[in-house]
Amino acid sequence: MEDILNWILPPREWDSEDKHYMQFVSKIPEESVANLQKQLDERLLARQARESGICPIREELHAQCFDEIIRQVTIEMPERGILLMRVRDELKMTIDAYQTLYQSSVTFNMRKELHAAIGKPDLEKKIKELQAKKAELEEKKAALVLKKEGIEKVYQEKRTAAIAKRISEIEFLKYQGHNLEQYLNTVKT
């Protein structure tokens, strides 16, 4: 069981004042879960861990708590301890993958933002040019509409005059035809 505990939770090593120290995991079962919960809450408050969002302090304290739970379970049932260790390692890999994905997305977003910022002045310049061209074309359109209306008015006036002239010519010809008929009728009689 000692080997399993050292494999799951390796001894901590450090050097201090030219001496090398190793701290092994205790093989003595600890207090109750309630005590563990109380210690976790106290440490979260003492280290001012954030309650939500990404917080390295909270993550570290929860990892230590989970390691302690693994240690206690391993003392009682080594197989379950090994299984919990696998779960812990899988969770760490998943969190690392999410962090890598997050960093990649932040980098990608920054590149896109820089690219957009670089092209923005050009797009604004093009928008101004297109708006000026649109205003110019609208002025041309207004001028052409006025010209068209003027041409239609002149055409309508000429047409009305031509119709009136034809009507008067027809009336004159009818009148002349009528007079000629009367003259012919008087000459025949």
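Structure: see above.
Procedures and definitions
Residues numbered from 1 in each chain as written. Predicted model: local features only at pLDDT ≥ 70, side-chain atom pairs only at ≥ 80, totals over all residues. Heavy atoms only, no water. Helix = DSSP H or I, 4+ residues; strand = E, 2+ residues; numbered from the N terminus. Expected span 1.5 Å × (residues − 1). Buried < 20%, exposed > 50% of the residue type's maximum accessible area, 1.4 Å probe, protein only. Arc of directions from axis to C-beta. Contact = heavy atoms within 4.5 Å. Core = buried A, V, L, I, M, F, W, Y, C linked by side-chain atoms within 4.5 Å. Pairing = 2+ DSSP bridges. Salt bridge = Lys/Arg side-chain N within 4 Å of Asp/Glu carboxyl O. Patch = residues over 30% accessible without salt bridge, like charges linked within 9 Å, V, L, I, M, F, W, Y side chains within 5 Å. Areas by Shrake-Rupley, 256 points an atom, 1.4 Å probe, with all protein chains shown as cover. Lys, Arg positive; Asp, Glu negative; His and termini not counted. Charge placed at Lys NZ, Arg CZ, Asp CG, Glu CD.

A.B. asks: Help me out: how do you make sense of helix 2 (residues 33-46) in this one?
C.D. replies: Residues lying three or four places apart along an α-helix face the same way, a consequence of the helix completing one turn every 3.6 residues. With 14 residues, helix 2 should reach 20 Å at 1.5 Å per residue; the first-to-last C-alpha distance of 20 Å fits that figure. Turning to helix 2, its buried residues number three or more, namely Leu36, Leu40 and Leu44. The buried residues of helix 2 occupy an angular sector of 70° when projected down its axis, which confines them to one face. Summarising the geometry of helix 2, the exposed residues directed more than 90 degrees from the buried face are Ala34, Leu45 and Ala46. Tucked inside the fold, the buried residues of helix 2 contact helix 3 (56-76).

A.B. asks: What should I look at first to understand the environment of Phe66 in this one?
C.D. replies: Secondary-structure assignment places Phe66 in helix 3. Taking the C-alpha atoms as reference points, Phe66 and Ala161, 95 residues apart in sequence, are found 104 Å from one another. Leave out the neighbours within four places in its chain, and Phe66 touches Leu84 and Arg88.

A.B. asks: Mind showing me how you'd approach helix 3 here?
C.D. replies: In this model, helix 3 (21 residues) spans 30 Å end to end at C-alpha, consistent with the 30 Å of a helix rising 1.5 Å per residue. The set of residues buried in helix 3 consists of Leu61, Cys65, Glu68, Ile70, Arg71, Gln72, Thr74 and Ile75.

A.B. asks: How should the nonpolar core be read in this particular structure?
C.D. replies: Taken as a class, soluble globular proteins show a tendency for nonpolar side chains to be buried jointly. Of all hydrophobic cores here, the largest spans seven residues; its members are Leu36, Leu40, Leu44, Ala49, Cys55, Leu61 and Cys65. Only helix 2 and helix 3 provide two or more residues apiece to this core. Per-element accounting of this core gives the leading share, three residues, to helix 2. Leaving out residues up to four positions away in the same chain, Ala49 has contacts with Leu44, Cys55, Ile57 and Arg58.

A.B. asks: Whenever I open this one, the pairing of strand 2 (residues 19-23) confuses me. Can you help?
C.D. replies: Each regular strand shows side chains that alternate between the opposite faces of the sheet. Pairing of strand 1 (residues 12-16) with strand 2 involves five bridges; the strand directions are antiparallel. The residue bridging Glu13 from the neighbouring strand is Met22, located in strand 2. Turn length for the strand 1-strand 2 hairpin, with the two strands adjacent in sequence and antiparallel, is two residues, and the turn residue Glu17 shows positive phi of about 50°.

A.B. asks: Sorry if this is basic, but what is going on with the pattern of salt bridges here?
C.D. replies: Side chains carrying opposite charge are able to pair once their charged atoms draw close together. In the structure shown here, the tally under the stated rule is six salt bridges. A salt bridge links Arg47 to Glu60; its shortest N-O distance comes to 3.3 Å. Of this pair, Arg47 sits in the loop between helix 2 and helix 3 while Glu60 sits in helix 3; the two residues are 13 residues apart in sequence, bridging distant segments of the chain. With a relative accessible area of 36%, Glu60 lands in the partly exposed category. With a closest N to O distance of 3.8 Å, Lys148 and Glu152 form a salt bridge. Taken as a pair, Lys148 and Glu152 lie in helix 4 (residues 78-188) at a separation of four residues, close to a single helical turn.

A.B. asks: In this structure, what is going on with a negative patch on the surface? I would like to understand it.
C.D. replies: Together, Glu13, Asp15, Glu17 and Asp18 make up a negatively charged patch on the protein surface. Mapped onto the secondary structure, Glu13 falls in strand 1. According to the relative accessible area criterion, Glu13 is partly exposed, its value standing at 49%.

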